[in-house]
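# Fold and contact review
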Amino acid sequence: MIETDVLIVGGGPAGSACAWRLNQHHHKALILDQANFPRVKPCAGWITPAVFRHLGITPDDYPYGLTRFSSFKISLKGFRFTLPTHQYAIRRIEFDAWLLERAGTEFNNHRVKNIEIVDGRYIVDDQFSAHYLVGAGGTHCPVRRMLFNPDKALKKDGLIVAKEEEFAYSYHDDRCYLWFFEDKLPGYAWYVPKAEGYLNVGIGGSAQGLKDRKVTLNEHWDLLLEKLEDEGLVTGHDFKPDGHSYYLRSKSPQFRQGNAFLVGDALGLATRDMGEGIGAAIQSGILAADAIANHNSYAINSIPRFSFPSLIGLRK
Ligand SMILES: Cc1cc2nc3c(=O)[nH]c(=O)nc-3n(C[C@H](O)[C@H](O)[C@H](O)COP(=O)(O)OP(=O)(O)OC[C@H]3O[C@@H](n4cnc5c(N)ncnc54)[C@H](O)[C@@H]3O)c2cc1C
């Protein structure tokens, strides 16, 4: 049996940020992840300036490819305008591996299947034992599934289904495009140029909204590809998209059960307007680590529920 103080299930931004902060508090932690890093994570990779602040760095300190946007090209139900803003995009394959390495925490490539509580300790797959358990396993986190009550409200209203592809492409337009509620999509689509000649295009929408409108995400995906082609943004590319789902922030998520904590997508923290989840994952990971190290309560009220204030500079 491998014994540790804190067992973190999932080495994405939430788990890595938690481990990084625990390391600063000199707490022994171990990360378990079913994937080896660098790993692919379907994500547009848009991040706000606050992400760097939470990580304690400036954008100039980030060692991998970073795109800087001084405006977004927006289409809102077909009405087009340019929104001045100050945002960034990373490639998740680089960003997540960098966060994990930076955490400086022991890592074990392991897929968590079973969790038991024995004499106040969390026993995972009869192999790992810890006093604290952090569920950072994303949308299908086993910690949430096995130790927390199912949140029906989260499932009904907050489930976002998304499809995207990131690929090498010599794009000629380096601006970021966002289409909101285009063709009655209950969500938005994006075109995000990345550093070193990569492009990310995708689409995400409310699962319930699509069901209510009796349309599928695939139908909207096809409309997006037509638009990209028509506008000359992407031509002649044979798309092979990946699908994924995640939860928007619910009103009162259950985030702690004894010494088990949920962070990031395992908790469902993406902003309600833009589905921005990277910042919330990092912030919640840090808050959970502080609560463990300082024996404080774990509160998530400081994590923004909406992204728009930061887009227009109302929140730094
Ligand atoms: C298509 C798409 C586009 C998005 N675009 C953006 C964006 O532009 N900006 C933004 O801020 N957010 C975006 N998001 C949301 C963002 O990707 C997530 O909120 C973020 O990845 C959450 O991080 P996390 O660490 O909680 O989870 P994840 O990054 O999902 O990491 C969870 C980790 O847990 C591991 N794991 C899962 N199950 C197990 C198990 N049983 N045992 C061991 N390990 C396990 C996984 O391998 C994974 O590495 C997007 C999401 C999607 C789907």
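From a predicted model like this one, the values you see are computed outputs, not experimental measurements. (Residues numbered from 1 in each chain as written. Predicted model: local features only at pLDDT ≥ 70, side-chain atom pairs only at ≥ 80, totals over all residues.)

### Structural notes on unusual backbone geometry
The amide bond that connects Phe37 to the next residue, Pro38, takes the cis arrangement and shows omega of 0°. Structurally, Pro38 is set in the loop between strand S2 (29-33) and strand S3 (46-47). The residue Phe181 is not glycine, and still its phi comes out positive at about 55°. Its place among the elements puts Phe181 in the loop between strand S11 (176-180) and strand S12 (187-194). Here the phi dihedral of Glu196 falls at roughly 55°; this positive angle occurs in a residue that is not glycine. Tracing the chain through its elements places Glu196 in the loop between S12 and strand S13 (198-206). Take Glu196: there are 10 C-beta atoms within 10 Å of it, and that puts it in the exposed class. (Helix = DSSP H or I, 4+ residues; strand = E, 2+ residues; numbered from the N terminus. Buried ≥ 20, exposed ≤ 12 C-beta atoms within 10 Å, placed from the backbone.)

### Details of the nonpolar core
Counting residues in each nonpolar core, the largest one holds 78 residues, and the members touching the most others are Leu7, Ile8, Cys18, Val134 and Val263. Those residues within four positions of Val134 in sequence are excluded, and the remaining contacts are Val6, Ile8, Val9, Gly15, Cys18, Phe261, Val263 and Ala288. (Core = buried A, V, L, I, M, F, W, Y, C linked by C-beta atoms within 7 Å. Contact = placed C-beta atoms within 7 Å.)

### Focus on the packing of helix H1 (residues 13-24) against helix H3 (residues 92-103)
Following both chains from N to C, one finds H1 and H3 inclined at 20°, their axes separated by 8 Å at the closest point. The angle between H1 and H3 places the two elements in the roughly parallel class. Note on packing geometry: the crossing formed by H1 with H3 is left-handed. Contacts between H1 and H3 involve Pro13, Ser16, Ala17, Ala19, Trp20 and Asn23 on the former and, on the latter, Asp96, Leu99, Leu100, Arg102 and Ala103. (Axes fitted to C-alpha atoms, helices over the stretch in contact; angles between N-to-C directions. Parallel < 35°, antiparallel > 145°, perpendicular 65-115°, else oblique. Left-handed = near helix turned anticlockwise from the far one by under 90°.)

### Considerations on the site of the ligand
Inspection of the region around the ligand gives 41 residues, with Gly10, Gly12, Gly138, Gly264 and Gly277 positioned closest. Listing elements by their share of the shell around the ligand, those giving two or more residues are H1, S2, strand S10 (159-168), S13, strand S14 (242-247) and helix H8 (278-294). Split into classes, the residues belonging to the shell around the ligand amount to 18 nonpolar, 16 polar and 7 charged. (Near = placed C-beta within 6 Å. Nonpolar A, V, L, I, M, F, W, Y, C, P; charged D, E, K, R; others polar.)

### Focus on H3
For H3, with 12 residues, the first-to-last C-alpha span of 16 Å sits near the 16 Å given by 1.5 Å per residue. For H3, every residue scored as buried is listed here: Arg92, Phe95, Asp96, Leu99, Leu100 and Ala103. Along the axis of H3, the buried residues cluster in a sector spanning 125°; they form a single face. If you follow the buried residues of H3, they end up packed against H1 and strand S6 (106-109). Gly104, located one to two residues past H3, shows a positive phi value of around 65°. (Expected span 1.5 Å × (residues − 1). Arc of directions from axis to C-beta.)

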